[in-house]
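Tertiary structure, described
Each chain, written out:
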Amino acid sequence: MQIQTLFVAIMTLLGVNALKASTYPYTVPSLPYSYDALEPHIDTLTMKIHHDKHHQTYVDNLNEALKKAPDLQKKSLVWLLKNLDSIPTSTTKIAVQNNAGGHWNHSFFWQIMSPTSKKKPHGQLEKAITNTFGSFDAFKEQFNAEAKKVFGSGWAWLCRNPEGTLVIMSTKNQDSPISQNLIPIIGLDVWEHAYYLKYQNKRPDYIKSWWNVVNWDQAEKNFKSKV
Ligand code: MN
């Protein structure tokens with residue numbers, strides 16, 4: 001087991017948000033399940049390419065951008081995303097926005113899926129969803145609409161804002177809700193690389209199928225976390 005993987009496992013056991021603690025040089029975290037675990041909803045080849053190639057590229061590009069910015073190497077991933085405006089040159093700022101975002105978003109995405117999904121929220125999150133959206137089905141409908149309307153590449157999210165209110169929103173490219181001072185609870189990657197091999201142009205089918213693999217235990221933890 002790699003030191004970094006062991007570190008993440010220990011932090012997770014301790015209930016510490018491992019993502020918050022991660023720093024340069026960044027590495028792609030191992031998937032918490034096998035490549036084929038989310039079949040038939042997310043196919044094995046997509047998981048392999050998405051995790052091993054796409055996520056790796058964000059990490060490589062982030063490390064490359066930070067190579068020339070020693071001051072930023074000491075900062076955490078979350079700090080970088082929350083302080084994009086304090087990053088000195090525009091080239092570095094854009095590289096960090098895209099690739100720190102890509103790294104954070106994907107690390108989050110692997111965790112928010114599970115082969116043993118409970119299919120619906122429970123606990124405090126279930127109550128908050130019902131209070132905010134009327135019902136779980138009404139929430140899903142609104143989230144699906146948000147995910148479908150992302151033009152080009154981006155993400156759909158359920159977040160908690162600083163006042164504690166649940167919000168459904170989307171981000172373009174690899175922009176992360178972390179940069180907007182929001183706490184992501186669940187997030188769906190709607191870049192074509194996330195679904196094209198199996199679903200081609202049928203993004204709505206991918207979105208519908210994705211609900212079968214949402215990790216609601218993790219969502220409940222995210223809801224209670226203070227990133
Ligand atoms: Mn992706």
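Structural notes, computed from the coordinates. Not measured: the values here are computed from a predicted model.

**Comments concerning unusual backbone geometry**
In the segment running from Tyr24 into Pro25, the intervening peptide bond is cis, with an omega of -10 degrees. Mapped onto the secondary structure, Pro25 falls in the loop between helix H2 (18–21) and helix H3 (44–67). The peptide bond linking Glu39 to Pro40 adopts the cis configuration, its omega dihedral lying at 0 degrees. Structurally, Pro40 is set in the loop between H2 and H3. Unusually for a residue other than glycine, Gln200 sits at a positive phi of about 45 degrees. Residue position: Gln200 is located in the loop between helix H9 (196–199) and helix H10 (203–210).

**What about the nonpolar core?**
Here is a general trend for soluble globular proteins: nonpolar side chains tend to be buried in one another's company. Judged by nonpolar contacts, the single largest core of 63 residues is most densely connected at Met113, Phe139, Leu158, Ile186 and Trp210. At 6 residues, helix H6 (residues 90–111) tops the list of elements feeding residues into this core. Viewed by domain, this core spans two of them, domain 1 (2–24 + 43–111) and domain 2 (123–224), each represented by three or more residues. Once residues within four sequence positions are removed from consideration, Trp210 is found in contact with Ile42, Phe109, Ile112, Met113, Phe143, Ile186, Gly187 and Leu188.

Conventions and cut-offs
- Residues numbered from 1 in each chain as written.
- Predicted model: local features only at pLDDT ≥ 70, side-chain atom pairs only at ≥ 80, totals over all residues.
- Heavy atoms only, no water.
- Helix = DSSP H or I, 4+ residues; strand = E, 2+ residues; numbered from the N terminus.
- Core = buried A, V, L, I, M, F, W, Y, C linked by side-chain atoms within 4.5 Å.
- Buried < 20%, exposed > 50% of the residue type's maximum accessible area, 1.4 Å probe, protein only.
- Domains from an automatic or database assignment.
- Contact = heavy atoms within 4.5 Å.

Read these as layout, nothing more, since geometry by itself doesn't imply function.
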